[in-house]
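Below are the chains, spelled out letter by letter.
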Amino acid sequence: MSTATVEIPLEQLINLEKIKKKKINIAIFGHGNVGSHLVNQIISSKEEISRRRDLDLNIFAIANSKTVLLQQNGLSKNWLEEKTESGKKYIPEEVISFAKNNNLQNLILVDNTADSSFVQNYSSFVENGFHLVSSNKIANTLDLNFYKELREKLTSKKRQYLYETNVGAGLPLIDTIKLLHLSGENITRIRGVFSGSLSYIFNTFSEEDRSFSSVLKSAIDKGFTEPDPREDLCGNDVGRKLLILARELDLHNEFDDISIQNLIPKDLRNVSKEEFLNRLQELDVPFQIKKKNQPKDCVFRYVADLHGDLSKETGAILTVNLTSVPKNSMLGALKGSDSIFEIYTESYGDNPIVIQGAGAGAAVTARGVFGDILRISDKEHN
Ligand SMILES: NC(=O)C1=CN([C@@H]2O[C@H](COP(=O)(O)OP(=O)(O)OC[C@H]3O[C@@H](n4cnc5c(N)ncnc54)[C@H](O)[C@@H]3O)[C@@H](O)[C@H]2O)C=CC1
Ligand SMILES: N[C@@H](CC=O)C(=O)O
């Protein structure tokens, strides 16, 4: 019997390589601060990831509140110009149909909006095979019925929902808390400065001789605030983060259970966003007075606290307050846009686990969203 070596042409080998790669099809909604960083991060890491992890990350849809660009074979570096030229008005169902008609598999919906109505689409995306990744906090802070129904749907469809950036932007916080809780560690309190923008604002305002409005303006320009900065200043954004953490601990709280100190003067609360932005200077005098009346060697911190009896589903107390703390305390020593989370648990006693770092910013947040996409991609089978 004779044996012969069959030579496989190089081109064919390369094609086999391509076939082996797992293609992940991503639809991104929202390309403002976070979303546009995310798209650019994915495009610039795509080749490296393809080489190192055998993953082909394919963004087949990019949408904002007005138009969508659908491209079966993914976006190029010039996606924004292409979208401006050929983006179309759309409804989210068209993205689902596009994925179906082109037989796209391994689907991920990424929500980088701050929109409360967009989250109503999650269920139909899951129904149609999409995993969910979200920097938008709304779906996790609507009423508990919505929260539970979404999770039931995800379980029945064997889909994942990751939202690490909902609290602490790119910091590995939610994952840590989930693991501690799942492994039976009793978390007894979570306290800290949860807002990157308010951290930046009060760090800067306490240290520098600048008006409150100019510091707030810098926070907006740096992309730290919510699309409407009043969501930060009224405490809703911090309240949402507190509620998200409470629910990770299986506590049965609703948003209305949180006691929040609103920092916006009453007559600026109900005006349009544009009018608010034109009247920022009205915040200067009230905050200058607060600063003057502060105890010596103290600084302001906007502190969120989840405490009470966390062993009972309805035993938690959730508060968000502007607090004066000594400059040389852990909270007082915060710098820049850092957030800090002190996690107290039974085993760790009086010395909390502390997670600290940039709590806001488009690049770090996009990196966190990217991490969630990769976590899901790794678990896909084909
Ligand atoms: N900026 C930060 O440091 C962090 C932001 N986040 C979250 O990231 C999300 C995005 O924040 P930014 O990028 O700063 O906001 P942004 O205002 O810059 O961008 C929002 C984008 O969403 C789009 N959009 C709004 N409604 C939409 C809809 N119904 N369908 C499709 N697109 C829609 C807008 O057109 C825009 O492109 C927010 O939910 C925010 O809470 C989370 C962690 C940190
Ligand atoms: N506006 C938020 C951004 C992240 O969620 C903050 O300031 O922390």
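Provided above is the structure to which this section pertains.
Remember, it's a predicted structure, so these values are computed and weren't measured experimentally. (Residues numbered from 1 in each chain as written. Chains lettered and ligands numbered in written order. Predicted model: local features only at pLDDT ≥ 70, side-chain atom pairs only at ≥ 80, totals over all residues. Heavy atoms only, no water.)

**Student:** Help me get a handle on the environment of Arg53, residues and values and all.
**Tutor:** Note that Arg53 resides in helix α2 (residues 33-53). Through-space distance from the C-alpha of Arg53 to that of Asp378 is 8.6 Å; in sequence the pair is 325 residues apart. (Helix = DSSP H or I, 4+ residues; strand = E, 2+ residues; numbered from the N terminus.)

**Student:** Which residues make up the environment of Ser45, and what values do they have?
**Tutor:** The residue Ser45 is located in helix α2 in this model. Separated by 12 residues in sequence, Ser45 and Leu57 place their C-alpha atoms 9.4 Å apart.

**Student:** Quick one: what's the story with helix α8 (residues 196-207), residue by residue and with numbers?
**Tutor:** Compared with the 16 Å implied by 1.5 Å per residue over 12 residues, the 16 Å span of α8 between its first and last C-alpha is a close match. Of all the 12 residues making up α8, 11 are buried; the element is thus mostly covered by neighbouring parts of the structure. Buried within α8 are the following residues: Gly196, Ser197, Leu198, Ser199, Tyr200, Ile201, Phe202, Asn203, Thr204, Phe205 and Ser206. (Expected span 1.5 Å × (residues − 1). Buried < 20%, exposed > 50% of the residue type's maximum accessible area, 1.4 Å probe, protein only.)

**Student:** Can you explain the pairing of strand β5 (residues 107-111)? Please cite residues and give values.
**Tutor:** β5 sits mainly inside the fold: five of its five residues count as buried. Neither face of β5 is exposed, since Leu107, Leu109 and Asp111 on one face and Ile108 and Val110 on the opposite face are all buried. Pairing between strand β1 (residues 22-29) and β5: five bridges, direction parallel. When the bridges of β5 are listed, Ile28 appears paired with Val110. Sheet topology note: the β5/strand β6 (residues 130-134) ladder contains five bridges and is parallel. Bridging from a neighbouring strand, Leu107 pairs with Phe130 of β6. In this view, the connection linking β5 to its parallel neighbour β6 by way of helix α5 (residues 122-127) has right-handed handedness. (Pairing = 2+ DSSP bridges. Right-handed = clockwise from strand over helix to strand, strands pointing away.)

Function cannot be read off these values alone, since they describe shape.
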